[in-house]
Amino acid sequence: MFKKLIKNSRMKSPWLLHFDCGSCNGCDIEVLACLTPVYDVERFGIINVGNPMHADLFLVTGTVNSRNSMVLRNLYDQMPNPKVVVAIGSCGLSGGIFREAYNVVGGVDKIIPVDVYVPGCPAKPEAIIDGVVAGLQKYGRIVN
Amino acid sequence: MEKLTFILIVLPFLSAIFCYITPYRKLRSSIVMATAFLLIMSSLMLIRITPFSFSPITVIGADIHHIVLILDFLILFLIFYFGIKHHNLLIIIFAILQIVLLGYLEYFMIKEQTVSPIFYCDYLSLIMILIISIVGSIICIQSIPYMKNHEEHLELRISREPRFFGVMLLFLGAMNGLVLSNDLLFLYFFFEITTLCSFLLIGHDNTERTIRNAVRALWMNSLGGALFIIALVILNSQIGALDMQKIIHTPKAGLWFLPIALLCFAAFTKSAQFPFQSWLLGAMVAPTPVSALLHSSTMVKIGVYLVLRLGPAIQGTFLTHCVAIFGAFTFLAAAALAVGQSNGKKVLAYSTISNLGLIFACAGINSSAAITAGILLIIFHAITKALLFLCVGVIEQHIESRDIEDMRGLYSKMPVTALITVIGVITMIMPPFGLLLGKWMAIEAASRNIFVIIILALGSALTVMYWARWAGILMSDPFAGKFKTEKQPILTWVSLVSLCLGATLLSMISPWLYSRMIIPTFNEKYLQSYTVTRGILENPSGSFAVIPLSILALIGFIVSVLAVRKALRARVVPPYLSGVQLSEPGTFLGPMNQPVKAEAKNYYLSSIFGEQRLTIWVNLAATVLITMLIGGAL
Amino acid sequence: MSMSMQILLVALGVVAGPLIGGLIGGLDRIITARFQSRVGPPILQPFYDVNKLLAKEYIVVNAWQAFCAYSYLAASMISVALFFLQSDMLVIYFVQAVGAIFLVVGALSSTSPYSQVGAHRELLQMLAYEPLLVLVIIGIYIETGSFKISAVYSWDKPLLLKLPFLFVALGFALTIKLRKSPFDLSTSHHAHQELVKGVTTDYSGPFLGLIEIAHWYDVALFLCFCSLFWATNIAGMIILISITYFLEILIDNVSARMTWRWMLGNVWAIGLTLSLVNLIWLYQR
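Quick caveat: nothing in here was measured; it's all calculated off a predicted structure.

(A) Structural context of the overall build of chain A. Looking only at helices and strands, chain A features five helices and five strands. For chain A, the α and β elements follow one another from N to C terminus as α-β-α-β-β-α-β-α-β-α. Here the C-alpha atoms of chain A give a radius of gyration of 15 Å, agreeing with the 15 Å that 2.2 N^0.38 yields for 144 residues. Here chain A, with 144 residues, has 56% of them falling under the buried criterion. A fraction of 79% describes how many contacts in chain A between residues 6 or more apart in sequence connect residues 24 or more apart. Accessible area of chain A: about 6,300 Å², with a carbon and sulfur share of 59%. Taking the average location of the 14 positive side-chain charges in chain A and that of its 12 negative ones, the two points are 10 Å from each other.

Following this line, the structure appears as structure tokens:
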């Protein structure tokens, strides 16, 4: 019975950490647009906490480059389990159009395990919300 | 009772002489420990025979009045000599004034020795004796390893320890004598001994800085002594006897108020209230046991003891209102100055001045609840402040700094001492411990006096600020894993742990303390303020459930400690540094790929609460208040 | 009061405190959202948040944080229980202050500058509101003649009529305690960050959940203090608290975060002056 209560609470209260890992800010603007009154994700209990230690969802945009891969790893490690990583935009998936640049590592999943991929360049807010909801389903299925 | 009084007063004098002439450290330490033990035992045995009074005729075979008189003049001439040696005009003036007035008083004014009884011990004296003997002895015990370390550190070839321990023991005897004295001349004699001891101990290290501060302490305390003797002369001419109990009970007529006001003024200088606080701050250059014993637990309590004694005499007068406002003002101003300090011993010094101001305010408000608050504050402040000073002394010897910023994360270097210091700070500011009980009682007692209460509210908020930041800083180093204890001499552990236990456990028995020891100190003029039922202090307008809150606090403590044990097995993450933290704790990747250490410092708010900024205004305001006090008495 | 009555009241306080605090927190978020033309979360959202936090992995920066989080919760719980026992207001104030001090000490135990500066700002916030709270309690004492809450409930006239300025001073303390702009310096709820999360930056998971519950107890306690100002009539009490809380949300949404100097200067200047005027008025009677 407790497990059901916890699963329910987790799905209804996902706090997210948004990290721009070398993005052109296109996807970032779309992520932040989700928080505005137009899309209002606080209806789902989602809050943008800027602190990995408080967060459950990790939204990463942008390609990963050699300098901020350390930051990505650090932030991921500072988040308490259970956590869900959502990679947003084609840069986050595989490096996007910048894939062959000299400094680009290419794709978030080269550094940390990713649970949900949201394609698009930039990804639309509806797609991002869809991706987050899919992540929540996965989150709810995690047994602690 | 004569035997106990002898042990309490004369034995320390004899031990002091022995310590001074003994060159062997182990023998000296045993004498100190034996004296400490005897003092503790006799003070505890005194509980059963209180109240009592008696007048001894002789001590060690000689007439007691002659001995006291000769020694008194000796001390005054010594002070005069020190004034000349250190070229300080004020000391010379005050010493000469006191010699002249004492001679005048003795040979021209007093026709026969009619003060009886000479020694009078009621419960207030008993409480003071318990504090002096028990807390004082513990401090002396701790000073044995402290001074050993101190001298090794200074690489002294000829030990100055005989002088140190001699004066410390002499001081303990003098304090005991002072609180037992009913004859004001005896009180004055012991008062002067404490002045001299303070001078000798502050200047112990014999450097230019310590001598300068010792001289400053000497002139300010001599000012107190001079005011005292002037008051005695006026009292003798008005009442004809220098008997404390008689003075309190005579009807007020003529110039009666002026000497009482002068005695209050002398008390203010002794307790380092504004504008005379600089001697106490300067006295922090002395070795820390000196600061613990003289300048927080015992000597500075002489002033508040004196005003509490005079309390029944000045109840309801303008003078007592002045004392209340002055005390409250000192409480606030010293707390404000402590906020701007980062030197650990100076924070403790300002906190002492602040708490003494609060006790003066209680004595000034002069209702039974207020006086109860004052006595409780005296007891618990003495224990806790001694504990904190000893902790700071131990810390200072280990990390060679007394700045709070250097004590950041002390837990990693000295876990047990850091924890004891945190416990000390907690007993200073939190319920259900005794200091907070006293503060609660003081606020409730002061609530009819609009100025005092606003000042107390502000001061109490400032107090929390400077203590909480110190307690937090001590634990600032991230720890996980097994708990290790550091190595300290056994005597240090004994003193620190006994004071720590004393502070916490005594708070839990404070209702019993109140009913057994504090209620009997009141005479008929005061109504009983609180009833004690099942560990709850209650009266129609307020209640403080000491025992229930203590039990709840204990349960909360146990739960929290269990939580820590569970947290020690948790996953440790570095503190948040925007993701750029490196593996070395507290560093992050900075510009040019160089590691940078993240630093933070406390807010000292020196633009508002800085010592240089505030002291002038505070001294000015204090001078105005004292003038009002004396002027109102005329 | 008999022993069984006392135990019942304590149990009521311990259970009702977080319920009141949590529900009001949820209501707060919905009304704030409506001010901002949004829909807002469901009313039970704070409970989902705390549940989720309590079920997270145990991670610590410093094991001492566990002690501080539990002590904060214990102190806040005891202060609410004492309120329900109608005990001495000054004791309740001091017990509540214990919790606040432990929050600060726990935050100082992490070396992250965000935590450290947040902790000092929290201390400055406490410095700003504590004198006002003491003066409000003194004002109630002058009027009813006792520090005990039972005396307030047996007073036949609403206190607000005699202590209006002290109620405004209490409002200052309430705004600071609820962490509403312009006084949300040390940490603020949810998305309004300045020092990342200030005081609560390095707390996470279950300890953050405990701090949240302790915060609910504090909110319940302060709203109960406000309710004392119209203790004669339940309807009046509810109306007073509703209006007060609505004004708090309004002020939060229209003002920006200010600096600690502004806070200290203004809260002391205005708060102390209003308290002084009200106290003088009370003394004159």
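After that view, the rundown keeps rolling.
(B) Representation of the confidence of the model for chain C in the model. Considering every residue of chain C, the mean pLDDT works out to 91; 99% of them sit at 70 or more. The ipTM, which scores confidence in the relative placement of chains, is 0.93 for this predicted complex, and the corresponding pTM is 0.93.

(C) Spatial organisation of the pairing of strand S7 (residues 542-545) of chain B. Residue and element names in this part refer to chain B. Taking every second residue as pointing to the same face, both faces of S7 are buried, with Gly542 and Phe544 on one and Ser543 and Ala545 on the other. Direction of pairing for strand S6 (residues 536-539) relative to S7: antiparallel, over a ladder of four bridges. Bridged to isoleucine 536 within S7 is alanine 545. Hairpin connection from S6 to S7: two residues lie between these consecutive antiparallel strands.

(D) Quick look at the sheet that holds strand S3 (residues 57-61) of chain A. Residues and elements named next belong to chain A. Across the sheet, which stays open at both edges, the five strands sit in the order S2-S1-S3-S4-S5 with parallel pairing between neighbours. Single-partner strands in this sheet number two, and they are strand S2 (47-48) and strand S5 (116-118). For strand S4 (residues 84-88) and S5, the ladder comprises three bridges, and the chain directions are parallel. When the sheet's bridge partners are listed, isoleucine 88 is paired in S5 with valine 118. Lying over the sheet, helix H2 (residues 26-34) contacts strand S1 (15-20), S2, S3 and S4, oriented at roughly 145° with respect to S3. Here helix H3 (residues 68-78) sits on the sheet and contacts S1, S3 and S4; the angle it forms with S3, its principal contact strand, is near 170°.

(E) Region of interest: the interface of chain C and chain A. Residue-level contacts link 31 residues of chain C with 28 residues of chain A. Taken together, both faces of the contact between chain C and chain A bury some 2,400 Å²; the carbon and sulfur share is 56%. Of all residues in chain C, Arg38(C), Lys52(C) and Lys56(C) bury the most surface against chain A, accounting for 25% of the area lost on that side. Across the pair Lys56(C) and Asp56(A) runs a salt bridge, and its minimum N-O distance is 2.4 Å. Where chain C touches chain A, the interface holds 18 residue pairs in polar contact (both at pLDDT 80 or more). Looking at the side of chain C that touches chain A, the elements that each hand over two or more residues are helix H2 (45-54) and helix H8 (205-227) of chain C. Considering every element that reaches the side of chain C that touches chain A, the biggest residue donor is H2(C), with six residues. Each residue belonging to the side of chain C that touches chain A can be placed in one class, and the counts come to twelve nonpolar, eleven polar and eight charged.

(F) Representation of the nonpolar core within the structure. The biggest cluster of nonpolar side chains holds 386 residues, and the ones touching the most others in it are Phe58(A), Phe228(B) and Phe229(C). The biggest single contributor to this core is helix H16 (residues 368-399) of chain B, with 22 residues. Among all residues touching Phe58(A), those that are not within four sequence positions of it are Leu17(A), Phe19(A), Leu72(A), Leu75(A), Tyr76(A), Met79(A), Val84(A), Val85(A), Val86(A) and Ile112(A).

(G) Structural detail: unusual backbone geometry. The omega angle of the peptide bond from Cys121(A) to Pro122(A) is 0°, so this bond is cis rather than trans. In this chain, Pro431(B) is followed by Pro432(B) through a cis amide linkage whose omega measures 0°. Located in the positive-phi region is Asn366(B), a residue other than glycine, with phi close to 60°. Position of Asn366(B) relative to the elements: it lies in the loop between helix H15 (344-365) and H16. Overall, the relative accessible area of 2% leaves Asn366(B) in the buried class. Positive phi outside glycine occurs at Asn593(B), with the angle close to 55°.

(H) Fine view of the packing of aromatic side chains. Under the counting rule described, the total for this entry stands at 34 aromatic pairs over all chains. Every member of this aromatic cluster is reached through a ring pair, and the members are Phe52(B), Phe54(B), Phe119(B) and Phe186(B). Between Lys52(C) and the ring centre of Trp15(A), over which it is positioned, the NZ or CZ distance is 3.9 Å.

(I) Fine view of the sheet that holds strand S5 (residues 531-533) of chain B. Residues and elements named next belong to chain B. Here three strands make up an open sheet; going across it, the order is S5-S6-S7 and the pairing antiparallel. Each edge of the sheet is formed by a strand with only one pairing partner; in this case those strands are S5 and S7. Between one strand axis and the next, the sheet turns by 20° as a mean value, whatever way the strands run. Examined bridge by bridge, S5 and S6 share three bridges and lie antiparallel to one another.

(J) Molecular detail of the packing of helix H18 (residues 434-446) of chain B against helix H4 (residues 89-108) of chain C. Remark: H18(B) packs on H4(C), axes separated minimally by 11 Å, with the N-to-C direction vectors making an angle of 140°. In terms of orientation, H18(B) lies oblique with respect to H4(C). Considering how the two elements wind past one another, H18(B) and H4(C) form a crossing that is right-handed. Across the interface between the two elements, Leu436(B), Trp440(B), Ile443(B) and Glu444(B) from H18(B) touch Leu90(C), Val91(C) and Phe94(C) from H4(C). Across the contact of H18(B) with H4(C), the residue classes tally to six nonpolar, no polar and one charged.

(K) Quick look at the pattern of salt bridges. Residues and elements named next belong to chain B. Per the stated rule, a full pass over the model turns up 26 salt bridges over all chains. Across the pair arginine 402 and glutamate 396 runs a salt bridge whose closest N-O atoms are separated by 3.0 Å. An identical accessibility class is assigned to arginine 402 and glutamate 396; each is buried. Here lysine 601 and glutamate 599 are joined by a salt bridge, their closest N and O atoms 3.8 Å apart. Like lysine 601, the residue glutamate 599 is exposed in the burial classification.

(L) Structural detail: the interface of chain C and chain B. Across the boundary between the two partners, chain C contributes 64 residues, which contact 71 residues of chain B. The contact between chain C and chain B buries some 5,800 Å² in all, and 73% of this surface belongs to carbon and sulfur atoms. On inspection of chain C and its partner chain B, the count reaches two salt bridges. Lys148(C) is paired through a salt bridge with Glu538(B); the nearest N and O atoms lie 2.8 Å apart.

(M) A look at helix H3 (residues 64-84) of chain C. Across its 21 residues, H3(C) extends 31 Å between first and last C-alpha, which sits within 8% of the 30 Å expected from 1.5 Å per residue. Backbone geometry just after H3(C) places Gln86(C) at a positive phi near 60°.

Definitions and limits used
Residues numbered from 1 in each chain as written. Chains lettered and ligands numbered in written order. Predicted model: local features only at pLDDT ≥ 70, side-chain atom pairs only at ≥ 80, totals over all residues. Heavy atoms only, no water. Helix = DSSP H or I, 4+ residues; strand = E, 2+ residues; numbered from the N terminus. Rg over C-alpha atoms; globule rule 2.2 N^0.38 Å. Buried < 20%, exposed > 50% of the residue type's maximum accessible area, 1.4 Å probe, protein only. Contact = heavy atoms within 4.5 Å. Areas by Shrake-Rupley, 256 points an atom, 1.4 Å probe, with all protein chains shown as cover. Lys, Arg positive; Asp, Glu negative; His and termini not counted. Charge placed at Lys NZ, Arg CZ, Asp CG, Glu CD. pLDDT = per-residue confidence, 0-100. Pairing = 2+ DSSP bridges. Axes fitted to C-alpha atoms, helices over the stretch in contact; angles between N-to-C directions. Buried area = accessible area lost by both parts, 1.4 Å probe. Salt bridge = Lys/Arg side-chain N within 4 Å of Asp/Glu carboxyl O. Polar contact = N/O pair within 3.5 Å; in protein donor to acceptor, adjacent residues only side chain to side chain. Nonpolar A, V, L, I, M, F, W, Y, C, P; charged D, E, K, R; others polar. Core = buried A, V, L, I, M, F, W, Y, C linked by side-chain atoms within 4.5 Å. Phe/Tyr/Trp six-rings, centres within 6.5 Å; stacked < 30°, edge-to-face > 60°. Lys NZ or Arg CZ within 6 Å of the ring centre and 35° of its normal. Parallel < 35°, antiparallel > 145°, perpendicular 65-115°, else oblique. Left-handed = near helix turned anticlockwise from the far one by under 90°. Expected span 1.5 Å × (residues − 1).

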